[in-house]
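# Reading the structure
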Amino acid sequence: MIKIFIVYDNIEQLDLFKHSTFKNLTPLVEYINMNTKDGRKNGFKLKGEWGAKTNPFCIIFDGDKAIKAFYSENDWEDNAIIQLIDYLKENYD
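Now for a look at the structure at hand. The numbers attached to residues start from 1 for each chain and follow its sequence in the written order. Thresholds applied to this predicted model are a pLDDT of at least 70 for local features of residues and 80 or more for the giving and counting of side-chain atom pairs; totals over whole chains, interfaces and linings are not thresholded and use all residues. Side-chain metrics in this entry use all non-hydrogen atoms of the structure; hydrogen atoms and water are not considered.

Take the buried residues of types Ala, Val, Leu, Ile, Met, Phe, Trp, Tyr and Cys, join any two whose side-chain atoms come within 4.5 Å, and each joined set is a nonpolar core. Each residue is placed in one exposure class: buried if its accessible area under a 1.4 Å probe, protein chains only, is under 20% of its type's maximum, exposed if it is over 50%, and partly exposed if it falls in between. By size, the foremost hydrophobic cluster in this structure holds 17 residues, and its most contacted members are Ile4, Ile6, Phe17, Ile60, Leu84 and Leu88. Helix numbers and strand numbers start at the N terminus; a helix is a DSSP run of H or I with at least 4 residues, a strand a run of E with at least 2. Elements that contribute at least two residues to this core include exactly strand S1 (2-8), strand S3 (57-62) and helix H3 (80-92). Tallying contributions element by element places H3 first for this core, with 6 residues. Each residue touching Ile60, except ones within four places of it in the same chain, is listed here: Ile2, Lys3, Ile4, Lys65, Ala66, Ile67, Lys68, Phe70, Leu84, Tyr87 and Leu88. Contacts were defined at the residue level, with two residues in contact if any of their heavy atoms lie within 4.5 Å.

Next up on the list: the environment of Ile67. With respect to the helices, strands and loops of the structure, Ile67 is situated in strand S4 (residues 65-70). For the pair formed by Ile67 and Lys3, sequence separation is 64 residues and the distance between their alpha carbons is 10.0 Å. When near neighbours in sequence (up to four residues on either side) are disregarded, Ile67 contacts Ile2, Ile60, Phe61, Asp62, Tyr87 and Tyr92.

By definition here, a salt bridge exists when the distance from a side-chain nitrogen of Lys or Arg to a carboxyl oxygen of Asp or Glu is within 4 Å. Within the structure shown, the criterion is met by 1 salt bridge. For Glu30, the salt bridge goes to Lys3, with nearest N and O atoms at 3.5 Å. Of this pair, Glu30 sits in strand S2 (residues 28-33) while Lys3 is found in strand S1, placing the two residues 27 residues apart along the sequence. The class of Lys3 is partly exposed, set by a relative accessible area of 26%.

In this section: helix H2 (residues 37-50). Here, expected helix span is obtained from the residue count minus one, scaled by 1.5 Å. Between its first and last C-alpha atoms H2 spans 21 Å; for 14 residues at 1.5 Å apiece the expected length is 20 Å, and the two agree. Listing the buried residues of H2 in full gives Gly39, Gly43, Leu46 and Lys47. Burial along H2 is one-sided: seen end-on, the buried residues are contained in an arc of 95°. Of the exposed residues in H2, the ones pointing more than 90 degrees away from its buried face are Lys37, Asp38, Lys41, Lys45, Gly48 and Glu49. Packed against the buried residues of H2 are S1, S2 and S3. Its side-chain oxygen 3.0 Å from the backbone nitrogen of Gly39, Thr36 forms the N-cap of H2. Count one or two residues on from H2 and you reach Gly51, which has phi positive near 75°. The directions considered for the arc are those from the helix axis to the C-beta atoms. In the analysis that follows, any N or O atom pair within 3.5 Å is treated as a polar contact, provided that within protein one partner can donate a hydrogen and the other can accept it, and provided that, for residues neighboring in sequence, both atoms belong to side chains.

Next up, the structure:
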């Protein structure tokens, strides 16, 4: 089972992903909002494991095994959500 975690701090960051469809994949997606108490705790823990500092941060798991993580220091030019969508379309469509 593919599970995707998306750590974000602005709901607009999710618009691209929520409007994307994938032919051969229905992933379980967990959204982690950094503006909530629990979200900050979980988001910092997850991002800290992978050395990410900025939002959005995305990571794909297959079971307990991490497949690929996405983040960017420059959100506008190399958006992590766009990287995630491109990866899923290339590998699962």
